[in-house]
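Fold and geometry: a report
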Amino acid sequence: MDFEALTRWFLTSIPEVIVISAACCLLMVDLFIKKGSRDVIAYLSLATVIGAAAGTFALAGSSQQAYSGMFVVDGFATFFKMVVYLATILSILLSMSFIKVEAIEQGEYYVLLLFALGGMMIMASGADLLSIYLGLELMALSVYVLTGFMRRDRRSNEAAMKYVILGAVSTGILLYGISLVYGLTGTTRLVDIATALSHIDGGDTALVLALVFLISGFAFKVAAFPFHMWAPDVYEGAPTPITAFMSVGPKAAGFAVILRVFLDAFAGASEIWIVVIAVIAVLTLAIGSLVALVQTNIKRMLAYSSIAHAGYALLGLVAGGEDGIASVMLYVFIYAFMNMGIFGAVIVMRKGDFVGENIADYTGLSKVRPGFALLMLIFLFSLAGIPPTAGFIAKFYIFVALIQSGNVALAVIAALFSAIAAFFYIRVVMLMYMKEPTGGFDLNLTPAARIALGICGAGTVLIGIFPSWFLDMAQISVF
Amino acid sequence: MIPLSWYVILGAVLFMIGLSGVFLRRNILVILMSVELMLNSANINFVAFSHFFQDLRGQVFAIFVITVTAAEVAVALGILVALMRNKRTLKVDEITIMKG
């Protein structure tokens, strides 16, 4: 290992280096900034993310390995990094006014978001179970703290406590699975695992056990059944911009890892895991869609909705192959726009003492704020999968991939659940449009929030109308 | 020379003790200790396999796990302190105000 190789590795991981070193610097900068001008940290964080995105663009188009094959930069990683950049930028923009309303304006907030971003980028680029584990933990530890950032709020404390305990348990399960994989194959590198698996009998009990542990660990991270119980409580208790961030960023990074681990390293053992994942996907869809029907808190409802969306993405994994991977990638990308959008709408409702978390709070919104209600309508229709919004395209390609791979029954079940899920999205739309308002609506629409909502709205509509370019992007990025 | 299977069995037993501790005990500190058992059972596996294969990868992994776990426990205890300031209890059932 010479100096030249080290430099090349460093340059290959330059976006991660930028994000993590900038986060460390911002921790220091924060000490020298007067209270009340913390927006500077937000702008510097935005600049960092944009700088990292520029680095990722510069590296795009080539496939390189670094750090003895533990870290890989390819189209797949680049695609998912773009999704997590997007989620982070939107979260920062939406946080700027929210953390003032909640009186939790501290520089560490943005720094932790950047650390979480760094972890997600390492997850997307991880080509070894060790680097994937480290990325996962960097992301998770930052998000645990962010969940409990409203220190004086009981719900926030409780959410963080539940999250950290259940998260640690899932990490334990995942690590035990990794240790079994290491014992079976003698390596933790994904490529070498794939080679070693070809010498192992498919019915090996230890292999089945290892896969079950791995699936359980990863299922927790994307809040899939039966490891979804943490999601509603954590989503409800966390500061809303963090809820928005968690429901998009870590979930996208989790899917990046799941796709790479199962369709690359464990592709040879697919007859074992494909049935398990299919069952998990259907049950996740069922739980998410059905329980969301009875929620009265919009954050809890969106938590169940995001559980259901994880079910669709898992179905793309069941479809497998290049089409399956591309459909999951497109799904995650579109989901980022629409989910950040609807959470953004919930965030701007929070102003002064008004919380705006009950679904009933949106009664008659269209009479008072027609433009804002229309934007929410677009996001809700997109989440429900109604054309011509992007959400329809996302579900459509998942169904296409399922049917092409011969899983027609799964496609039919998924379509049925999406019809059930449409009900609770449209219930909100009905409250907004069909009922008379009971009071005024004082929205916290700062310029930053407007920009964020504008980006989400534009993404949701444009991808819905011109999906082919985005689908091509996903297809050429498949590993 | 202790055979590999003994280590693996020890790891599996520790893992099960940890997992049942998480689900059966109601004190947050005890739950955190049980989680530690689960993580350490994975470490035993890593080190045992590493010795068996004469490959350093597993030991490196175990060292990383120990480091990250230390950070994780620090975060968990920090959150616990914040929680204790608002409600002076360590019982899981008394903390819950959100349903689910």
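Note that the structure is a prediction, hence the values are computed from the model and not measured.

Take the interface of chain A and chain B next. Contact residues are listed per partner, giving 45 residues for chain A and 44 residues for chain B. Taken together, both faces of the contact between chain A and chain B bury some 3800 Å²; the carbon and sulfur share is 74%. The largest contributions to the chain A side of the interface with chain B come from Arg154(A), Tyr176(A) and Tyr182(A), which together make up 19% of the buried area. In this structure, Arg57(B) engages Asp128(A) in a salt bridge whose closest nitrogen and oxygen atoms are separated by 2.9 Å. For the pair chain A and chain B, the number of links is eight residue pairs in polar contact (both at pLDDT 80 or more). Looking at the side of chain A that touches chain B, the elements that each hand over two or more residues are helix H6 (129–147), helix H7 (154–185) and helix H10 (230–237) of chain A. When residues of the side of chain A that touches chain B are assigned to their parent elements, the largest contribution, 23 residues, is made by H7(A). Of the residues that constitute the side of chain A that touches chain B, the class distribution is 21 nonpolar, eleven polar and 13 charged.

Before going further, it helps to spend a moment on the pattern of salt bridges. Opposite charge on two side chains permits pairing when their charged atoms draw close. Residues and elements named next belong to chain A. The tally for this structure, following the rule as stated, stands at 14 salt bridges over all chains. The shortest N-O distance in the salt bridge between Arg 38 and Asp 30 comes to 2.9 Å. Arg 38 gets classed as buried once you look at its relative accessible area, which sits at 9%. When the shortest N-O distance is used, the salt bridge between Lys 162 and Asp 233 registers 2.7 Å. Of this pair, Lys 162 sits in helix H7 while Asp 233 sits in helix H10, and the two are 71 residues apart along the sequence.

All names here are of chain A. Inspection of the entire model under this criterion finds zero disulfides over all chains. Left without a disulfide partner, Cys 24 is nearest to the cysteine sulfur of Cys 25, which lies 6.9 Å away. Take Cys 24: its relative accessible area is 38%, and that puts it in the partly exposed class.

We now examine the nonpolar core. All names here are of chain A. Counting 216 residues, the largest nonpolar core has Phe 262 and Phe 266 as its most contacted members. Ranked by residues supplied to this core, first place goes to helix H14 (residues 321–349) with 21 residues. For Phe 266, the contacting residues outside a window of four places in its chain are Val 181, Ile 193, Leu 197, Leu 207, Leu 211, Leu 214, Val 261 and Trp 273. Formed by five residues, the second largest nonpolar core is a distinct cluster that contains Trp 9, Leu 59, Ala 66 and Phe 71.

On to the packing of aromatic side chains, then. Aromatic ring pairs are described here by two measures, namely the spacing of the ring centres and the angle between the planes. Within this structure, the stated rule accounts for 31 aromatic pairs over all chains. Ring geometry for Tyr176(A) against Phe15(B): centres 4.3 Å apart, planes inclined by 25°, an arrangement best described as stacked. On the criterion of chain membership, the pair formed by Tyr176(A) in helix H7 and Phe15(B) in helix H1 (residues 4–24) is interchain, its members lying in two chains. Within the aromatic cluster, the residues linked to one another by ring pairs are Phe76(A), Phe79(A), Phe80(A), Phe333(A), Phe337(A), Trp469(A) and Phe470(A). Just above the ring of Tyr312(A) sits the side chain of Lys395(A); from NZ or CZ to the centre is 4.7 Å.

Along the chain, the position of Asp153(A) falls in the loop between H6 and H7. Between the C-alpha atom of Asp153(A) and that of Leu174(A), which follows or precedes it by 21 residues, the distance is 31 Å. What Asp153(A) contacts, discounting residues up to four positions off in sequence, is Gly237(A) and Asn86(B).

The next subject is the environment of Thr88(A). Residue and element names in this part refer to chain A. In this structure, Thr 88 sits in helix H4 (residues 75–101). Looking at Thr 88, the relative accessible area reads 0%, which means it is buried. Taking C-alpha positions, Thr 88 is 18 Å from Thr 446, a pair spaced 358 residues apart along the chain. Leaving out residues up to four positions away in the same chain, Thr 88 has contacts with Val 49, Leu 113, Leu 117, Met 120 and Phe 245.

Cut-offs applied
Residues numbered from 1 in each chain as written. Chains lettered and ligands numbered in written order. Predicted model: local features only at pLDDT ≥ 70, side-chain atom pairs only at ≥ 80, totals over all residues. Heavy atoms only, no water. Contact = heavy atoms within 4.5 Å. Buried area = accessible area lost by both parts, 1.4 Å probe. Salt bridge = Lys/Arg side-chain N within 4 Å of Asp/Glu carboxyl O. Polar contact = N/O pair within 3.5 Å; in protein donor to acceptor, adjacent residues only side chain to side chain. Helix = DSSP H or I, 4+ residues; strand = E, 2+ residues; numbered from the N terminus. Nonpolar A, V, L, I, M, F, W, Y, C, P; charged D, E, K, R; others polar. Buried < 20%, exposed > 50% of the residue type's maximum accessible area, 1.4 Å probe, protein only. Disulfide = S-S within 2.5 Å. Core = buried A, V, L, I, M, F, W, Y, C linked by side-chain atoms within 4.5 Å. Phe/Tyr/Trp six-rings, centres within 6.5 Å; stacked < 30°, edge-to-face > 60°. Lys NZ or Arg CZ within 6 Å of the ring centre and 35° of its normal.

Structural measurements only, silent on function.
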